[in-house]
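Overview (structure and organization)
These are the residues of each chain, in order.
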Amino acid sequence: MNELTDHELRILNRLQGDIPSDPPPVIFDVGANVGNWALAAKERWPGCFIKCFEPNPIAFEYLSRNLDVYGGGVELHQCALSDQEGRALLHHGGGPDLT
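Before going into details, it helps to say that this report is about the structure given with it. Every value quoted in this text rests on a predicted model; they were computed, and no experiment measured them.

What counts and what doesn't
Residues numbered from 1 in each chain as written. Predicted model: local features only at pLDDT ≥ 70, side-chain atom pairs only at ≥ 80, totals over all residues. Heavy atoms only, no water. Buried < 20%, exposed > 50% of the residue type's maximum accessible area, 1.4 Å probe, protein only. Helix = DSSP H or I, 4+ residues; strand = E, 2+ residues; numbered from the N terminus. Contact = heavy atoms within 4.5 Å.

Details of helix H2 (residues 36-44)
Of all nine residues making up H2, seven are buried, and the element is well covered by its neighbours. Taken together, the buried positions of H2 are occupied by Asn36, Trp37, Ala38, Leu39, Ala40, Ala41 and Lys42. Residues of H2 that are buried sit in contact with helix H1 (6-18), strand S1 (26-30), strand S2 (49-53), helix H3 (57-67) and strand S3 (74-77).

Structure below.
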């Protein structure tokens, strides 16, 4: 697993204090990229159910492979989320990290 950014780690640490393990939480990872955050969440809340959303087809392929080890407890969606219906052009920054 790749390292989490400081920001992602702060969010996980904050949520760990706020989200109980019982009952297992349902977590939405919006803009899941390659799944690093979802993998870290699965380590912290092993029984959780994670719904991942990632529109980038290249990142989604990595996401699928990275989270395949869980078999269950993870639901992947190759799409973006918005407060409006419709289609949009996805711009890629061209960097090596797929963000």
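Quick notes on unusual backbone geometry
Phi at asparagine 33 takes a positive value of approximately 55 degrees, unusual for a residue other than glycine. Locating asparagine 33 in the fold gives a position in the loop between S1 and H2.

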